[in-house]
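The residues making up each chain are set out below.
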Amino acid sequence: MRTLLVVIALGFSIAIMISIPAGIMANQESMQTLSENLTSTITTMQEEINKTATLIECSTTPNQGMQTFRPGGGFFGGVNETFINESIVDEIYSINVSGVRVVKDVIPSLEKSSSENITETITTPFGNRTVYRSAYTIIGVCLNSSIISSYSILPTNITAGENLSEGDSCYVLISSNLTEYFEAGVGDTITINGELFTVKGIFESSSQTRTVYMNISDAQRITGLTGEISKLYVYVVDSSYATQVADVIKAAYPELYVTSYQDRLENLQQMQSMYTQTLSNAESSIAQAQSTATQVIIIAVAATSLIVLFVMLYSVRERTKEIGILKAIGFSNWNVMSQFMLEGVLIGLIGGATGVLIGSTIAPFLSSFLIPQINLFGGTQRPQASVQMPSTNIVGLQSYTTVTLSPELILLALGAAVLLGAIGSLYPAWRASKISPIEALRYE
Amino acid sequence: MNETVLETEKLDKVYKLGGRSIRALSDVNLQVKKGDFVSIMGPSGSGKTTLLNILGCLDKPTSGRIILDDVDVTTVPEKELYKIRRYKIGFVFQTFNLLPYLSAIENVELPMEGTGKSKEEKLKRARELLKLVGLAERENHKPLRLSAGEQQRVAIARALANGPSILLADEPTGNLDAKTKYEIVRLLGKLNTEHGTTIVMVTHDNAIASHARRVLFINDGKMLSKEKMGLFAKEKLTCPACGREIQITHVFCPHCGRKLSN
Ligand SMILES: Nc1ncnc2c1ncn2[C@@H]1O[C@H](COP(=O)(O)OP(=O)(O)O)[C@@H](O)[C@H]1O
Ligand SMILES: [Mg+2]
């Protein structure tokens with residue numbers, strides 16, 4: 001009966017002991033993945049930015065963080081679309097600094113959401129949301145031979161058909177996830193705003209990107225935006241002029257959203273510091289979890305050894321007469337002591353086995369109960385919508401609870417249980433060995 | 001029978017209870033030769049248990065010496081005393097003191113724990129001893145399933161486990177009914193006469209005490225100077241009915257079949 005109590009107590013504390021490190025290990029693993037993902041995201045972005053040192057982006061709509069580099073990938077629909085007359089192309093082209101032409105190329109494009117809409121369910125860190133968005137975005141690009149050959153204004157990952165080429169008219173390049181929407185493949189004809197287009201090629205894209213590329217003149221015509229554009233990619237002759245030219249454009253066209261290399265770099269740095277913050281939040285959250293866990297383990301260990309101690313003391317007291325008999329028939333102090341120690345170790349072993357059994361079934365539950373959730377964002381702060389995290393590849397909030405019990409951990413737990421049994425019975429066993437035989441025999 | 005196994009010199013034992021001191025033993029001088037069977041007779045409270053506990057190294061005298069097999073055990077440090085208890089002394093208690101959760105044979109094996117004997121040796125020895133006390137068939141019984149007399153037999157077998165120099169028995173028949181009392185004392189007699197076991201037995205029962213070779217008397221912690229010859233000392237026993245020779249272990253005369261009293 002009392003032994004059962006000890007076994008249960010030991011069992012639970014061993015269960016706690018193996019659940020917590022397992023949980024912590026799982027946490028650390030997800031932390032590792034998180035950190036790796038963030039680092040690689042930053043690196044990729046850095047590389048992309050570095051490639052465009054001479055690029056100044058001008059847009060009639062605000063940039064959406066990362067979306068800067070994914071034209072047409074509007075995340076939430078309903079952005080108020082405004083346009084500007086294409087005469088601006090020549091005006092910007094003629095900007096000079098100290099009498100020297102510094103603008104190398106100005107590439108206009110027209111981006112316009114389709115008039116048809118779709119509903120879409122997307123997964124956010126805060127649950128599933130149904131959004132209402134345009135079915136696709138039309139992107140009209142300048143199909144000049146010099147521009148196509150010098151700049152990658154068109155998608156490069158063509159999976160079927162061919163890319164658009166110089167002077168193409170009434171041809172489109174569509175993102176792969178639109179084939180279903182248009183029910184069309186390469187060579188098929190689709191209708192956009194009442195005009196017929198032939199699908200020349202299909203490019204591989206992320207699930208968010210639903211875009212149709214066409215000649216800018218086609219786009220202006222079918223959208224009724226003759227002479228209007230929404231975006232300008234301004235390339236300067238040398239990256240040293242980038243900031244200066246951007247400032248000139250900003251001053252001359254306050255209605256444009258202008259981002260230079262410098263701006264993008266700042267954006268990235270901002271994002272990077274946010275990621276760093278996120279990581280350090282997660283780290284401190286884990287550290288906190290660990291210290292809580294350590295406390296829980298210490299308490300469990302202390303409580304268990306105390307229980308073993310008291311039960312064994314009681315047992316020694318109760319068996320005083322027996323100890324007297326054993327001594328009277330020639331047991332040495334050491335014999336008596338090892339008898340009780342053996343008992344403690346045995347109880348420990350049984351308790352440990354019970355603990356491993358309990359632990360292996362409830363470890364995930366117990367560890368998530370005992371270890372605070374990792375808080376990526378610290379406090380109540382949440383990522384702001386304007387800065388979109390590439391959420392698809394970050395290990396998110398609920399992904400760490402895969403707790404596994406390694407054989408090493410099980411062995412360790414059994415060892416700990418035996419040790420607890422031994423430690424808890426050390427003093428009682430010593431007391432038992434010191435009992436005088438004559439006193440013990442008189443004990444009833 | 002000249003070799004002295006046990007000898008005491010001026011044993012004193014004083015119990016201090018609160019402010020009062022009780023002199024349980026005073027100036028006890030005792031000599032037990034090898035192969036002897038001494039019974040010490042005395043009324044309740046005369047100091048018999050005190051004396052036997054001291055002889056059995058369970059308790060210490062206030063003063064005096066105990067020489068057991070030429071060793072003054074009063075000088076042996078407490079930590080080493082277990083060796084004397086284990087190898088030199090066999091102790092039989094009034095209340096048997098068997099471990100209830102061990103079988104008869106396990107109880108007998110118990111004193112051999114830690115002597116370095118192998119499992120087989122211990123088992124063999126324990127079987128021998130159970131056979132000697134007439135319980136060969138009962139080796140797997142727990143004490144509670146044995147009668148009082150049988151339990152005392154197991155206790156005697158246990159006391160003999162390590163071949164002690166002397167068997168000390170404190171009122172070994174005190175908890176037994178009239179019939180089993182004689183069985184036990186005859187068993188002790190058999191061990192003494194047939195196996196040469198040296199025995200010191202204390203009892204307040206005159207009839208039981210007289211079964212020894214020598215009967216000594218104790219009163220108020222002092223040994224009296226008178227000494228009686230016990231039944232076992234007599235060279236020959238004869239049947240009171242037919243006059244032919246009988247053994248002390250006989251309950252009925254093997255010749256005329258008459259029931260023999262004590
Ligand atoms: N532990 C003890 N403390 C105090 N007095 C004791 C103790 N044991 C025995 N005595 C006393 O010593 C005397 C002898 O007791 P004991 O040896 O038990 O006698 P017996 O066995 O002959 O009945 C008695 O007066 C008893 O009260
Ligand atoms: Mg007594």
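Residues numbered from 1 in each chain as written. Chains lettered and ligands numbered in written order. Predicted model: local features only at pLDDT ≥ 70, side-chain atom pairs only at ≥ 80, totals over all residues. Heavy atoms only, no water.

Engineer: Honestly, the overall build of chain A in this entry has me stumped. Any pointers?
Structural biologist: Looking only at helices and strands, chain A features 11 helices and 16 strands. Looking at chain A residue by residue over its 444 residues, the buried ones come to 48%. Look at the contacts in chain A between residues 6 or more apart in sequence, and 79% of them connect residues 24 or more apart. Here chain A displays about 21,400 Å² of accessible surface, and carbon together with sulfur accounts for 57% of that area. (Helix = DSSP H or I, 4+ residues; strand = E, 2+ residues; numbered from the N terminus. Buried < 20%, exposed > 50% of the residue type's maximum accessible area, 1.4 Å probe, protein only. Contact = heavy atoms within 4.5 Å. Areas by Shrake-Rupley, 256 points an atom, 1.4 Å probe, with all protein chains shown as cover.)

Engineer: So what exactly am I meant to see when it comes to the site of ligand 1 here?
Structural biologist: Taken together, the neighbourhood of ligand 1 is formed by 13 residues, with G45, G47, K48, T49 and T50 of chain B sitting nearest. Among the chains of the assembly, those with residues near ligand 1 are chains A and B. One of the backbone nitrogen or oxygen atoms of G47 of chain B is found 3.1 Å away from an oxygen atom of ligand 1. Separating an oxygen atom of ligand 1 from a side-chain N or O atom of T49 of chain B is a distance of 2.7 Å. Among the secondary structure elements, those contributing two or more residues to the shell around ligand 1 are β1 (4-17), β2 (20-33) and α1 (48-55) of chain B. (Near = heavy atom within 4 Å. Polar contact = N/O pair within 3.5 Å; in protein donor to acceptor, adjacent residues only side chain to side chain.)

Engineer: Please explain the interface of chain B and chain A as it appears in this structure.
Structural biologist: How big an interface is tends to be reported as the loss of accessible area on association of its parts. Listed as interface residues are 15 residues of chain B and, on the opposing side, 16 residues of chain A. Carbon and sulfur atoms supply 64% of the area that chain B and chain A bury against each other, a total of about 1,500 Å² over both sides. The three residues of chain B that bury the most area against chain A are L58, R85 and N97 of chain B, which together make up 29% of that side's buried surface. There are 0 salt bridges connecting chain B and chain A. When residues in the side of chain B that touches chain A are grouped by element, the largest group, 3 residues, is from helix α2 (residues 81-87) of chain B. Partitioned by chemical class, the residues of the side of chain B that touches chain A number 8 nonpolar, 2 polar and 5 charged. (Buried area = accessible area lost by both parts, 1.4 Å probe. Salt bridge = Lys/Arg side-chain N within 4 Å of Asp/Glu carboxyl O. Nonpolar A, V, L, I, M, F, W, Y, C, P; charged D, E, K, R; others polar.)

Engineer: Looking at this structure, I do not really get the sheet that holds strand β10 (residues 222-229) of chain B. What am I missing?
Structural biologist: Strand pairing within a sheet occurs via backbone hydrogen bonds; the two strands may be parallel or antiparallel. All names here are of chain B. Taken in spatial order, the 6 strands make up an open sheet running β6-β7-β8-β3-β9-β10, and their pairing is mixed. Each edge of the open sheet is held by one strand with a lone partner, namely β6 (89-92) and β10. For this sheet, the mean inter-axis angle between neighbouring strands, taken without regard to orientation, is 20 degrees. Judged from the 5 bridges that link them, strand β9 (residues 214-219) and β10 form a sheet pairing that is antiparallel. Residue pairing in the sheet places L216 in a bridge with E227 of β10. The sheet strands contacting helix α6 (residues 178-195) are β3 (37-41), β7 (166-170) and β8 (199-203), and the helix crosses β8 at an angle near 160 degrees. (Pairing = 2+ DSSP bridges. Axes fitted to C-alpha atoms, helices over the stretch in contact; angles between N-to-C directions.)

Engineer: Mind showing me how you'd approach the nonpolar core here?
Structural biologist: Grouped together as the largest cluster of nonpolar side chains are 68 residues, with contacts concentrated most on I40, L55 and I166 of chain B. Not counting the four nearest positions on each side in its chain, I166 of chain B is found in contact with V5, L6, V32, L68, K88, I89, G90, T198 and V200 of chain B. Listed in part, the 43 residues of the second largest apolar core include I56, C58, I92 and I118 of chain A. (Core = buried A, V, L, I, M, F, W, Y, C linked by side-chain atoms within 4.5 Å.)

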